Amino acid sequence: MDARAHIEAHRDEFLASLGEWLAIPSISADPAHHDDVRRSARWLADHLAATGFPTVEVWETPGLPAVFAEWPAADPGAPTVLVYGHHDVQPVDPLEEWDTDPFTPTRRGTSLFARGASDDKGQVLFHALGVSAALAASGADAPPVTVKLLVEGEEESGSVHFADLMKANRDRLSCDVAVISDTTMWAADTPSMCVGMRGVTDVGINLYGPARDLHSGSFGGAVPNPLKAMSDLLSGLHDDDGRVAVPGFYDGVVEADPEERALIARLPFDEGEWLETAASTATWGEKGYSTLERIWLRPTAEINGMWGGHTGAGGKTIVPRSAHAKVSFRLVPGQEPLHVQDRVRAYVEANTPAGLRAELEFGGPGVRACASDLSSAALKAARSAMERAFGTQVLFTREGGSGPEADIADILDAPLVFVAVGLDEDRIHAPNEKVEIPLLLKGAESIAHLWEELGSANRA
């Protein structure tokens with residue numbers, strides 16, 4: 001039986017298992033559901049053991065547990081692949097906007113609705129089906145590569161203990177490549193691979209002036225105004241071409257490969273439709289780059305909020321005592337979040353007028369960007385595997401968001417390959433999250449082919 005036939009024969013069994021798992025409300029951000037996150041880890045461990053993984057363990061952290069599983073290849077010289085995913089899910093608020101209960105999985109046509117259906121339980125579980133399909137196709141008792149799974153329980157609450165967990169278990173997690181299944185494709189009829197994710201760092205900027213609000217008739221125009229200074233700081237973040245104007249901000253930026261830019265240009269992107277989705281009437285950004293390139297390939301500075309002084313009804317003629325803003329920076333490969341923080345700090349200090357005091361509050365060390373090596377054998381194998389499953393060319397995309405992928409690459413010293421089948425319209429993090437069942441099955445088939453291709457490349 002080939003991999004596709006095996007997957008189709010076990011379709012209902014797979015969906016029933018996924019439904020059981022989706023019914024567990026494993027919301028890591030809500031302490032009231034922490035026992036559910038632990039129950040979710042135990043469910044996955046039991047399922048992987050039933051699939052045939054000879055080693056399955058629940059790894060505790062100071063927070064919530066991860067699941068580790070390993071299935072060694074028969075050939076001790078075969079490559080080792082680590083699969084990353086997460087079993088925790090986002091909160092479901094606002095509950096009233098769900099058409100069905102978020103933890104009662106509901107099928108409508110080819111869609112399966114539930115919190116976690118796409119992000120990330122459905123995409124984790126297709127790996128178990130993919131392994132069994134690979135074995136069915138080969139008639140072997142072990143996969144052609146050593147398969148390891150690491151499925152964390154805190155991704156939706158910042159992966160706060162994940163880096164330490166990997167460092168403590170670096171030897172057991174050793175691998176030749178890490179496969180990430182926590183992203184999306186371009187469209188159901190346009191399969192694609194994510195080949196990079198932006199990083200992020202954010203800062204709160206606070207400017208303090210007079211010890212109290214001052215009467216503008218008595219003091220206006222004679223003392224520095226924190227809101228005026230903040231406006232100047234924020235307006236100076238970009239130049240006339242839309243580039244971030246903070247000195248040193250672009251230090252180390254790795255420019256995108258021309259091949260990748262060409263593949264992005266081939267995507268069937270409708271800017272008008274995208275603007276409707278963005279609820280905007282115009283695009284804006286760094287000169288010389290398309291909209292998709294601005295989202296995926298270029299770093300940004302975004303003003304998230306600003307406030308200060310009188311904001312209530314009526315007038316109040318004052319020089320305010322303080323001004324405040326929140327700014328976030330999306331980063332690309334080559335940028336170090338701590339270096340960007342240093343550059344932002346220097347920019348604010350250099351542009352804060354005498355008589356005002358600046359305080360900056362960074363939201364932690366930030367998250368580094370990550371990217372796949374387009375020339376790597378592992379990426380080529382993954383692309384070939386997806387093309388065999390989907391029967392068409394697979395294009396490249398990136399994602400504007402971020403996760404723990406850069407830590408995975410750094411700590412385990414392993415290249416990243418993204419194999420995922422979610423869609424932007426799956427409404428992850430929003431009410432009525434769903435996943436397309438045919439795509440989950442294509443994901444399982446892709447994985448079955450990937451293990452075969454990586455194993456064949458090793459034998460060659």
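Residues numbered from 1 in each chain as written. Predicted model: local features only at pLDDT ≥ 70, side-chain atom pairs only at ≥ 80, totals over all residues. Heavy atoms only, no water.

Named according to an unreviewed UniProt entry, the protein chain is Dipeptidase originating from Streptomonospora nanhaiensis.

## What about the layout of surface pockets?
In this model, the second largest pocket occupies a volume close to 520 Å³. Lining the second largest pocket are 25 residues, and of these W284, R294, I295, T300 and E302 sit closest to its centre. Taken together, the elements giving at least two residues each to the lining of the second largest pocket come down to helix 9 (271-278), helix 10 (291-296) and strand 12 (300-308). By residue class, the composition of the lining of the second largest pocket is 10 nonpolar, nine polar and six charged. (1 Å grid on protein atoms, 1.4 Å probe; cavity = no way out; pocket = protein on both sides within 12 Å on 5 of 7 lines; lining within 4 Å. Points joined across faces, edges and corners; volume = space filled by probe spheres on them. Helix = DSSP H or I, 4+ residues; strand = E, 2+ residues; numbered from the N terminus. Nonpolar A, V, L, I, M, F, W, Y, C, P; charged D, E, K, R; others polar.)

## Examining the pairing of strand 7 (residues 177-180)
Across a regular strand the side chains alternate sides, sitting on one face of the sheet and then on the other. Both faces of strand 7 are covered, namely the face carrying V177 and V179 and the face carrying A178 and I180. In this sheet, strand 7 lies alongside strand 3 (residues 80-86) in parallel orientation, the contact comprising four bridges. Its bridge partner lying in strand 7, V83 is registered against V179. Two elements, strand 7 and strand 18 (residues 416-418), share three bridges in a ladder whose sense is parallel. Bridge pairing in strand 18 places V179 opposite V417. (Buried < 20%, exposed > 50% of the residue type's maximum accessible area, 1.4 Å probe, protein only. Pairing = 2+ DSSP bridges.)

## A word on the environment of S290
Positionally, S290 belongs in the loop between helix 9 and helix 10. Note on S290: relative accessible area 34%, which makes it partly exposed. Distance from S290 to I264, taken between C-alpha atoms, is 9.5 Å for residues 26 residues apart in sequence.

## Things to note about the pairing of strand 9 (residues 192-197)
Where burial is concerned, most of strand 9 is hidden: six out of the six residues are buried. In this sheet, strand 17 (residues 395-399) lies alongside strand 9 in parallel orientation, the contact comprising four bridges. When the sheet's bridge partners are listed, C194 is paired in strand 17 with T397. Sheet topology places strand 9 next to strand 16 (residues 370-371); two bridges connect them, and they run antiparallel.

## Quick notes on the packing of aromatic side chains
Aromatic ring pairs: the centre-centre distance and the angle between the two ring planes describe each pair. Taken as a whole, this structure holds nine aromatic pairs when the rule is applied. Plain terms: the ring middles of W186 and W296 are 6.1 Å apart, the flat faces sit at 85° to each other, and that makes the pair edge-to-face. You can see W186 sitting in the loop between strand 8 (184-185) and strand 9 and its partner W296 sitting in helix 10, a full 110 residues away along the chain. Neither residue differs from the other here; W186 and W296 are each classed as buried. In this structure an aromatic cluster arises from ring pairing among W186, F269, W274 and W296. (Phe/Tyr/Trp six-rings, centres within 6.5 Å; stacked < 30°, edge-to-face > 60°.)

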